[in-house]
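Spelled out, the chains give:
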Amino acid sequence: MKISKIPGLGQFGVFVDDVDFDHITDEEWMEIGRLHVNSLVTILRNVNITPEKYRDYMRKWGTDRTIHRYTLSAKYSSNFDVLFNRVIAGDTQGIDPEDILWMENMISFLEYDDNIQVIEGLIKVTGRRNNQGQAEGMFAEGELLWHSNESGNLTFTPGVSLLAKEGVVGSATGFVTTTDWYERQSESFRSELDDMVVLHKFTPGKINPGLRLEQDFIMNKNMCPVDNTAIPLVIQSPAGIKGLHYSVNTIDQIQGMSATESQRLFERIDKELFVDEFMYDHWYQTDNDLCLFDNSIVLHRRLGGITNRLCYRIQYDYSNLIDQPYIPYFQESFAEEYQSQIRKIVEFLGIKDFKLP
């Protein structure tokens, strides 16, 4: 393997080249994982991996997890796959209409094997459409603005990966890290930032202008299902790296500040954070790059043409790469609430490799 620094992204971000998934050992893969946890953004260029193998390797680092799947499972006291297969089969008795709609819209976003069985954990992100002109994956048109996944959820999933499988040349996945900006602030201002709590709110089209209504509905449930969800501005990554949980697609106001004061702060952060020193747009030179990125204090976006683009996305925990349970929050009340909520999620879903706080 060859490791080199990604331009931009402050002190973070590495390329890893010459990774051969036909011969890589588990020890080597876990070494890449530990490197990634500390580098926040890691790009493996031109890898030889199938979608199913990609899913299997990501699960060696931690279980794939999405908040809304858990929400539905808990609501109906049912395994999500059982619930989802009921909807596919038309058995919707006892399921609320908005939940049926969410699952029906998700059908085309999933990947299927040769036996037309769902490949668990994979979500398609593609501009391709079927013969009826229907989108075959998430975000089927347009650029994606800066965001982090599940940003308005206290128990967001901390890791995201994207396998850029086909037709990606001419498009880019961009990243911005927040730690260097935070560390350069004065001690007194950092102290103010540490105490700030952001109220999150879902705004249609804020992540993908011109968003299709059905996808807008899905994004609402995934990104911030409850308006005015309070989450601290300054948190830590699974490696203990301190930065901003600053997903511009859902931040709405600072708790205790007026809307005007909040907007003034957001404008300052935007002006100073979204600069070349802390950003990197990865314009694909070939298919089969694997992008791995933190979802706690890093934002990502999409640029360029996507008509024939096919990517696969997985959200995951880093449980098998860290020594201690991950608690994102420094503020005691939020840390306690996180521990309570994450315990319920892990125990209900039966996740075995999660390090519970």
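Conventions used here
Residues numbered from 1 in each chain as written. Predicted model: local features only at pLDDT ≥ 70, side-chain atom pairs only at ≥ 80, totals over all residues. Heavy atoms only, no water. Core = buried A, V, L, I, M, F, W, Y, C linked by side-chain atoms within 4.5 Å. Buried < 20%, exposed > 50% of the residue type's maximum accessible area, 1.4 Å probe, protein only. Contact = heavy atoms within 4.5 Å. Helix = DSSP H or I, 4+ residues; strand = E, 2+ residues; numbered from the N terminus. Pairing = 2+ DSSP bridges. Right-handed = clockwise from strand over helix to strand, strands pointing away. Salt bridge = Lys/Arg side-chain N within 4 Å of Asp/Glu carboxyl O. Axes fitted to C-alpha atoms, helices over the stretch in contact; angles between N-to-C directions. 1 Å grid on protein atoms, 1.4 Å probe; cavity = no way out; pocket = protein on both sides within 12 Å on 5 of 7 lines; lining within 4 Å. Points joined across faces, edges and corners; volume = space filled by probe spheres on them. Nonpolar A, V, L, I, M, F, W, Y, C, P; charged D, E, K, R; others polar.

S.K.: Would you mind going over the nonpolar core with me for this structure?
M.R.: A general tendency of soluble globular proteins is for nonpolar side chains to be buried together. Among the nonpolar cores identified, the biggest contains 89 residues, and Trp-29 and Leu-44 are the most heavily contacted of them. Excluding residues within four positions of it along the chain, Trp-29 makes contact with Phe-21, Ile-24, Leu-44, Tyr-57, Met-58, Lys-60, Trp-61 and Leu-290. Trp-181, Met-196, Leu-244 and Ile-254 belong to the second largest nonpolar core, which has 23 residues in total.

S.K.: Looking at this model, I keep getting lost on the pairing of strand S3 (residues 41-44). Mind explaining?
M.R.: Side chains Val-41 and Ile-43 project from S3 onto one buried face, and the interleaved Thr-42 and Leu-44 project onto a second face that is buried too. Relative to S3, strand S2 (residues 14-17) runs parallel, the two sharing three bridges. Bridge pairing links Val-14 to Thr-42 in S3. In this region the chain leaves S2, passes through helix H1 (residues 26-39) and returns to the parallel neighbour S3; the handedness of that crossover is right-handed. Pairing analysis gives four bridges linking S3 to strand S15 (residues 289-294), with the strands arranged antiparallel. Directly across from Leu-44, in S15, lies its bridge partner Leu-290.

S.K.: Could you clarify how one ought to interpret the environment of Ile-351 in this entry?
M.R.: Along the chain, Ile-351 turns up in the segment after helix H10 (332-349). The residues touching Ile-351, leaving out its near neighbours within four places in the chain, are Thr-63, Arg-65 and Val-346.

S.K.: Where do I start with the pattern of salt bridges in this structure?
M.R.: Where charged atoms from two side chains of opposite charge come close, those side chains can pair. Under the defined criterion, the tally for this structure stands at 16 salt bridges. Across the pair Asp-96 and Lys-75 runs a salt bridge whose closest N-O atoms are separated by 2.8 Å. Highlighted residues: Asp-96 in the loop between helix H4 (80-88) and helix H5 (97-106) and Lys-75 in helix H3 (residues 67-76), separated in sequence by 21 residues. Judged by its relative accessible area of 42%, Lys-75 falls in the partly exposed class. Ionic pairing is found between Arg-268 and Glu-272, a salt bridge with its closest N-O pair at 3.4 Å.

S.K.: Help me out: how do you make sense of the sheet that holds strand S10 (residues 229-232) in this one?
M.R.: The strands that make up a sheet pair up through hydrogen bonds in the backbone, lying either parallel or antiparallel. Across the sheet, which stays open at both edges, the three strands sit in the order S10-S9-S13 with antiparallel pairing between neighbours. Looking at the sheet topology across the chains shown, the edges are occupied by S10 and strand S13 (251-254). The sheet shows a mean angle of 40° between the axes of neighbouring strands, taken without regard to direction. Direction of pairing for strand S9 (residues 197-200) relative to S13: antiparallel, over a ladder of three bridges. The residue bridging His-200 from the neighbouring strand is Ile-251, located in S13.

S.K.: Teacher, can you tell me more about empty space enclosed by the protein here?
M.R.: A probe as big as a water molecule, rolled over the atoms, marks out the empty space that is left. Counted under the stated rule, the structure contains two cavities of 30 Å³ or more. Counted as a void, the largest cavity has a volume near 180 Å³. Along the walls of the largest cavity sit 15 residues, with Val-125, Leu-144, His-147, Leu-162 and His-300 positioned nearest its centre. Tallying contributions element by element places strand S16 (residues 298-304) first for the lining of the largest cavity, with three residues. Residues that form the lining of the largest cavity fall into these classes: seven nonpolar, four polar and four charged.

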